[in-house]
Amino acid sequence: KDGKIWFCHWINGISRLTLNEDLTEFSKIELIDKNKGLPSNRENGLYLLKDLLVISTQNGFFNYNFSKNTVERNDKLEKIFGRQQYSTRLNENGK
């Protein structure tokens, strides 16, 4: 959606990577972590569901808000799945 590469590490949080024009190296690496609204940098899962970048955490579900460059709670998914104490894997089936 934003032309970036998103990378999730089980200990270090989530990174948004920007490639240079030659696509040979990263020109910018931005950490999406507790400072951006995640409850923890550990055990996060990153999923694209429809047009939402969803983050599953040890404290529920969040969306990445591109316009605000922050993470916000996803009440809709939490209503369905509850607020899990572990990261839950999600997959959209394409229907």
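Residues numbered from 1 in each chain as written. Predicted model: local features only at pLDDT ≥ 70, side-chain atom pairs only at ≥ 80, totals over all residues. Heavy atoms only, no water.

(A) Region of the structure containing the pattern of salt bridges. Counted by the stated rule, this structure contains four salt bridges. Here E72 and K68 are joined by a salt bridge, their closest N and O atoms 3.6 Å apart. A relative accessible area of 30% means that E72 is categorised as partly exposed. Notably, a salt bridge pairs R73 with E78, separated by 2.4 Å at the nearest N-O pair. Bridged by salt links that share partners, the residues R16, E30 and K36 form one connected network. (Salt bridge = Lys/Arg side-chain N within 4 Å of Asp/Glu carboxyl O. Buried < 20%, exposed > 50% of the residue type's maximum accessible area, 1.4 Å probe, protein only.)

(B) Summary view of the layout of surface pockets. Looking at the largest pocket, its volume works out to about 180 Å³. For the largest pocket, the full set of lining residues is L49, K50, L52, V54, N74, K76, L77 and I80. For the lining of the largest pocket, the elements supplying multiple residues, two or more each, are β5 (52-57) and α1 (75-81). Sorting elements by how many residues they give to the lining of the largest pocket places α1 first, with three residues. (1 Å grid on protein atoms, 1.4 Å probe; cavity = no way out; pocket = protein on both sides within 12 Å on 5 of 7 lines; lining within 4 Å. Points joined across faces, edges and corners; volume = space filled by probe spheres on them. Helix = DSSP H or I, 4+ residues; strand = E, 2+ residues; numbered from the N terminus.)

(C) Looking closely at the packing of aromatic side chains. Taken as a whole and judged by the stated rule, the model has three aromatic pairs. Seen from their ring centres, W6 and Y64 are 4.9 Å apart, and the 65° between their planes marks the pair as edge-to-face. Of this pair, W6 sits in strand β1 (residues 5-9) while Y64 sits in strand β6 (residues 60-65), and the two are 58 residues apart along the sequence. The buried category is assigned to Y64, whose relative accessible area is 4%. (Phe/Tyr/Trp six-rings, centres within 6.5 Å; stacked < 30°, edge-to-face > 60°.)

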